[in-house]
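Secondary and tertiary structure notes
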Amino acid sequence: MTTDPAIATPVSKIDVKPLVNRNQDNVTNKMEALRDQVYDFFQQACAAEGVDAVILKSYPFTVPAWVTFQCWVRRSPEEQLTDRSTATVTIVPREFHQYEHVINLEIEEGSKKKKYLSIVELDQANVTALVRYMLRRTRFDIFGFKHVRARWWELWLPGNNVTRLKKDWLGLSVPILLLVGVLAFLAVPTLGFLIDLIGTTYSLRMFYNFFFVVLPMFGFFLLALAIGLTIYTRLRKTYFLSPGKPPLEPRRLLRMDSWQALVRDIGAEGPNVKDLVKRELAVCPIEGVHFGDEKIWYSGIDGPEEREQLVVTFRRAIGFIHIYSYGKDLYVGWDAHLNAGTWIEKQVAAGLEPQTGEYCRVNTIEGGWHVPSEYDITDANCLIEWIHAAVTKVTKLTLAEYKIDQEIDFKILRGERSRVVGTRAPEEDDGKSGASGFMSRFKREA
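Residues numbered from 1 in each chain as written. Predicted model: local features only at pLDDT ≥ 70, side-chain atom pairs only at ≥ 80, totals over all residues. Heavy atoms only, no water.

For the chain, the helix and strand inventory stands at 8 helices and 14 strands. Per-residue burial for the chain yields a buried fraction of 38% across its 446 residues. Pairs at least 24 residues apart make up 65% of the contacts formed inside the chain by residues separated by at least 6 positions. Counting only carbon and sulfur atoms, one obtains 57% of the accessible surface of the chain, whose full area is about 28000 Å². (Helix = DSSP H or I, 4+ residues; strand = E, 2+ residues; numbered from the N terminus. Buried < 20%, exposed > 50% of the residue type's maximum accessible area, 1.4 Å probe, protein only. Contact = heavy atoms within 4.5 Å. Areas by Shrake-Rupley, 256 points an atom, 1.4 Å probe, with all protein chains shown as cover.)

Now the structure itself:
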C-alpha cells in the first residue's frame, strides 16, 4: 500500500539579504524636511524685511543638507560700495540621538568668519534675527540659538547622547585598567629613586619594600584583567543598528548621451508638449522606472536661476528631459547619466542595547561612490532608448499637428562608454602624490 506524499504548505521567505532597508522615515528624509523648513524661514524673513536676497538649498539626497543666504548691503548711494555677507546653515544627521539633527551655522562677513555649532532648535524668530543682523538693521549678533555640546570640554552645555544604547562599561574600562597597571609598574623605580634622593630610614625602607612587592602584583593583576576583558569584548557577539536609507541614491552623475532640438513657432505650447511626454512615459513597459518634476537652481549670468525639469530614473540610470520656451520657439531635449552615488554605512556609536544587553554598534549612512559596471551601462542604454523614443514620438506628432516643415536630426549624440565603466571616485585621484600625481596633470583627456 502506498500513500501520496503530503503537499508542503508554502512558507513565506524571510528577508535576510545584506542590504540596508529603504524607508520613508529615515533620518535623511527628516533632514531634507528640516532643510526645506529653514529655506522657507529665510524666504519669509526676507519678505517681512522687504528685501530680495539669494537663498539656495542643497539638491535632493545631499548629506549633509544645507541652506545658503547671501546679501550685499549698499552702504552708500554709490552701488560700488557694498557690505557683503553669507550665512550657510548645514544640517548634520544624528541617528538615535536625543536630537536627531544638529545645525552648524557659519557667517562670513568680508574676511571675518563666525561659527555657531551644534544648534538643535532653529525657528522663525532665530532666522529673522539672523537676517536682520546680516542686513545691518541691528547690531546685535545674539540670535537665541539653543546649543548642545560640540566639544568634550563644553561642560556647561547639555549633551546630545545616544538614546538607543547604554554605556559599555567593560569596553570603556580596558584603557583605564591598562593605564593604572602601567603606572603601578612605573611607581616602583620612581619610589626607589625618591628614597635614594632624600635618604633612607628604617620606616622608608620598609615602606619601599612593601610597595616593591605589592605594586608589581597589583599592576600585573590589572594588566591581566585588561587583557582578559579585551579578549572577551573581541569575541562577544556584535549586533548592528541602522536607521535605513532613502528610496533613491545620492547623485554623483557621469554623463552619457543626449539629444535636443529647437522647434520653431510653438514656444507657447511648452506645457502641452510636456503633458504629452508625461503621458507617453506613463505607458511604461519597463518595471522599476520612475519619473516626476524637479526644481533645480544653477548659476546664471546675473545670479542663480531656477527652472523645472522632468526626471526619469531606472536603477542607476537617470535622465533629465528639458522642455522650455525660448521666445516663440520651443526647446525639446534630454540628457542621460549614470549615477555613481551610493549610500554607505559609517559607525557613529557603540554600546549595549538596553532591552537585551547585547553589544551593539549604531551606524549612519553617508554618500559614497559605486564603481560602474557593464550591467549599469546596459540599464542606462535601455533607459536612454526608451526616453528617446518617447520624446521623439511626441516631437514628431507635434510637428505634424502644427504642420511645421522643419528638418530635425533625431539621431542620439552618443557619449564615450569606455570612460564610464570602472570609473573611480574623483577624490581617489586627488590623493595621488609624487611623480605619478604630477605627470597625471599632463595626461591627454581627448
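This paragraph deals with helix α2 (residues 124-134). Among all positions in α2, only N126, V127, L130, V131, Y133 and M134 are buried. One side of α2 holds all its buried residues, which, seen down the axis, span an arc of 160°. In the core, the buried residues of α2 are packed alongside α1 (27-49), β2 (65-74), β3 (82-93), β4 (101-109) and β5 (112-121). The residue sitting at the N-terminus of α2 and contributing the capping side-chain oxygen is D123; that oxygen lies 3.3 Å from the backbone nitrogen of A125. R136, located one to two residues past α2, shows a positive phi value of around 65°. (Arc of directions from axis to C-beta. Polar contact = N/O pair within 3.5 Å; in protein donor to acceptor, adjacent residues only side chain to side chain.)

Together, I176, L179, V180, V182, L183, L186, F212, V213, V214, M217 and F218 give the surface a local cluster of nonpolar side chains, amounting to about 1000 Å² of exposed area. Secondary structure elements with two or more residues in the nonpolar patch: α3 (169-198) and α4 (202-235). The element best represented in the nonpolar patch is α3, accounting for 6 residues. Within the fold, L183 resides in helix α3. (Patch = residues over 30% accessible without salt bridge, like charges linked within 9 Å, V, L, I, M, F, W, Y side chains within 5 Å. Salt bridge = Lys/Arg side-chain N within 4 Å of Asp/Glu carboxyl O.)

Strand-to-strand pairing in sheets goes through backbone hydrogen bonds, with the strands running parallel or antiparallel. The strand order across the open sheet built from 5 strands is β8-β12-β11-β10-β9, with neighbouring strands paired in antiparallel fashion. Two strands in the sheet have a free side with no partner beyond their single neighbour: β8 (253-263) and β9 (289-300). Strand-to-strand twist across the sheet, computed as the mean angle between neighbouring axes with direction ignored, equals 25°. Its contacts with the sheet put helix α5 (residues 270-282) on β9, β10 (303-314), β11 (317-326) and β12 (329-339), and the angle it makes with β11 is roughly 160°. Helix-sheet contacts for helix α6 (residues 374-401) involve β8, β9, β10, β11 and β12, and the interaxial angle to β8 is about 10°. (Pairing = 2+ DSSP bridges. Axes fitted to C-alpha atoms, helices over the stretch in contact; angles between N-to-C directions.)

The next subject is the environment of R417. Position of R417 among the secondary structure elements: in the loop between α6 and α7 (426-430). Spatially, the C-alpha atoms of R417 and D257 are 9.4 Å apart, while their sequence positions differ by 160 residues. Engagement of the side chain of R417 in a polar contact is seen with the side chain of D257, the distance being 2.5 Å.

These figures capture arrangement, not role.
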